[in-house]
Amino acid sequence: MKIRKAVIPAAGLGTRLLPSTKAMPKEMLPIIDKPTIQYIIEEAVESGIKDIIIVTGKGKKSIEDHFDTSMLLEETLKNKGKITILKEMQSISQLANIHYIRQGVPNGLGHAIWCARNFIGNEPFAVLLGDTLIKDKKPCLKEMIRLFEECQSSIIGVKRVNESELSRYGIVDVMKGNESLLKVRNLVEKPDKGEAPSDLAIFGRYILTPKIFELLEKQERGVGNEIQLTDSLQTLLNYENVYAQIFEGKSYDIGEKLGYLKTIIEFAMEREDLKKDLVEFLKAIVIKKGTAPLE
Ligand code: G1P
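Criteria and thresholds
- Residues numbered from 1 in each chain as written.
- Predicted model: local features only at pLDDT ≥ 70, side-chain atom pairs only at ≥ 80, totals over all residues.
- Heavy atoms only, no water.
- Helix = DSSP H or I, 4+ residues; strand = E, 2+ residues; numbered from the N terminus.
- Contact = heavy atoms within 4.5 Å.
- Areas by Shrake-Rupley, 256 points an atom, 1.4 Å probe, with all protein chains shown as cover.
- Patch = residues over 30% accessible without salt bridge, like charges linked within 9 Å, V, L, I, M, F, W, Y side chains within 5 Å.
- Salt bridge = Lys/Arg side-chain N within 4 Å of Asp/Glu carboxyl O.
- Disulfide = S-S within 2.5 Å.
- Near = heavy atom within 4 Å.
- Polar contact = N/O pair within 3.5 Å; in protein donor to acceptor, adjacent residues only side chain to side chain.
- 1 Å grid on protein atoms, 1.4 Å probe; cavity = no way out; pocket = protein on both sides within 12 Å on 5 of 7 lines; lining within 4 Å.
- Points joined across faces, edges and corners; volume = space filled by probe spheres on them.
- Nonpolar A, V, L, I, M, F, W, Y, C, P; charged D, E, K, R; others polar.
- Buried < 20%, exposed > 50% of the residue type's maximum accessible area, 1.4 Å probe, protein only.
- Pairing = 2+ DSSP bridges.

Run through the overall build of the chain, naming residues and quoting values.
Counting its secondary structure elements, the chain contains 11 helices and 13 strands. Overall, the C-alpha framework of the chain stretches about 60 × 55 × 35 Å when taken along its three principal axes. Summarising the internal contacts of the chain: among those between residues at least 6 apart in sequence, 77% fall at separations of at least 24. On the chain, roughly 15800 Å² of surface is accessible, and the fraction owed to carbon and sulfur atoms is 53%.

Next up, the structure:
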C-alpha cells in the first residue's frame, strides 16, 4: 500500500518554552519569517503527501488561521501592488488538504495519534512531530516512504545521540543487519540514566501501519502518566516487524530554548539575504566576549 496521509501532532502545551507558548502554539514559533509547522507541512508535501491531519488542542487556533485564506490580507496586498508576497500567501493555503481534530485532553503523543484514527482509516500513514525540523538533501520522510514501499512495515526514524541526551527520547534497540533499515528488537520511552538499550533516539518521523490504533486504544499510561506511542510500538512487535531507519541529516528540536535558538541561526546562515550580516554580527559578539568576559 502507498502512504497517502500524514498526522502532525501539535497539541502539546510547549511547557519548555513558557511563557512564549502561553498564548501562542510552539508550532507557530517563527524560524525567521516562517512558522515551524509550515516547514513540516512542506516536508510532507515534498514527500508526496497531500492529505494531512493536524491534531490540535486549546489555544492552537492560529495554526488553522495560518493555513486558511485571509481575504483581508490578500485584498490589502493586492491593492498595494505587493504581488510577490500575495502569491506566497496564496500558496500557503493551497499547500495541501489540511484537516484538524482536537485532542480534548493532554493525554500524550500516543493518544494524539489515536485521535486521528477515523481520518486515517485502515491504511499505513506518516507521522511528523510538530516541533522537529529536519534538514537533509532529500526530504527525510520521502526516503522513509520509499523504504516502506519495500518492506510494508512500520518504520521509525532514529538518530544517534550522546549519552547525556538519551533520557530525553524514545530509544530503539535494533538487530544487526542492513544499515539503512534495521529490525527493531525493543523500545523504551525516556529511559532512566544507564537504562538505555542503545544510542538510537526517535526524533520525530514515523511510518505506521493502522494496527497501531488498535494498540493505542488499549494502551496504559506510561512515562509522565501519558499514553506513549513508543509503548504501543513495543507491543506492535508482537504482531508485526518494525524497522528503524538511521537518519544522517540534521534535526532541530524547536521545543526547547537552546534548540530553538540554534535552529534560527542555522536556517539564517543559509539565507542569502541574511547570512553576511549575521556572520558579521556573530563574529563581533564572540570577539567582544573573548576580550571582556561577561561577569
Ligand atoms: C516524543 C516521543 C519520543 C521522541 C521525541 C522526539 O517525546 O515520545 O519517543 O523521542 O518525541 O522529540 P516528547 O519530546 O514529546 O516528550
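Describe a nonpolar patch on the surface, listing the residues and the values that go with them.
On the surface, Phe281, Ile285 and Val286 cluster together into a nonpolar patch covering about 290 Å² of accessible area. For valine 286, the location among the structural elements is in helix 11 (residues 275-291).

Would you mind going over the state of the cysteines in detail, with residue names and values included?
This model, assessed by the stated rule, comprises zero disulfides. With no disulfide partner, cysteine 151 has as its closest neighbouring cysteine sulfur the one in cysteine 140, 14 Å distant.

Report on the site of the ligand, specifying residues and quantitative values.
Lining the immediate environment of the ligand, one finds Leu109, Leu129, Tyr169, Gly170, Glu189, Lys190, Ile202, Phe203, Gln228 and Thr230. Contact between the ligand and lysine 190: an oxygen atom at 2.7 Å from a side-chain N or O atom of the residue. Its free accessible area being 380 Å², the ligand has 81% of it covered by the protein chains.

Go over the layout of surface pockets, please, and point to the residues and values.
Approximately 390 Å³ is the volume attributed to the second largest pocket. Lining the second largest pocket are 21 residues, and of these Tyr39, Glu42, Ile134, Lys135 and Phe267 lie nearest its centre. At the level of elements, helix 1 (36-46) and strand 7 (132-135) are the ones that each hand at least two residues to the lining of the second largest pocket. When residues of the lining of the second largest pocket are assigned to their parent elements, the largest contribution, five residues, is made by helix 1. Classifying every residue of the lining of the second largest pocket by side-chain character gives eight nonpolar, one polar and 12 charged.

Tell me what's going on with the pairing of strand 1 (residues 5-9), and back it up with residues and numbers.
For strand 1, the buried fraction is high: five of the five residues fall into the buried class. As paired strands, strand 1 and strand 4 (residues 51-56) are joined by five bridges and run parallel to one another. For lysine 5, the partnering residue across the bridge sits in strand 4 and is aspartate 51. For strand 1 and strand 6 (residues 125-128), the ladder comprises two bridges, and the chain directions are parallel. Looking at strand 6, one finds that alanine 6 is bridged to alanine 126.

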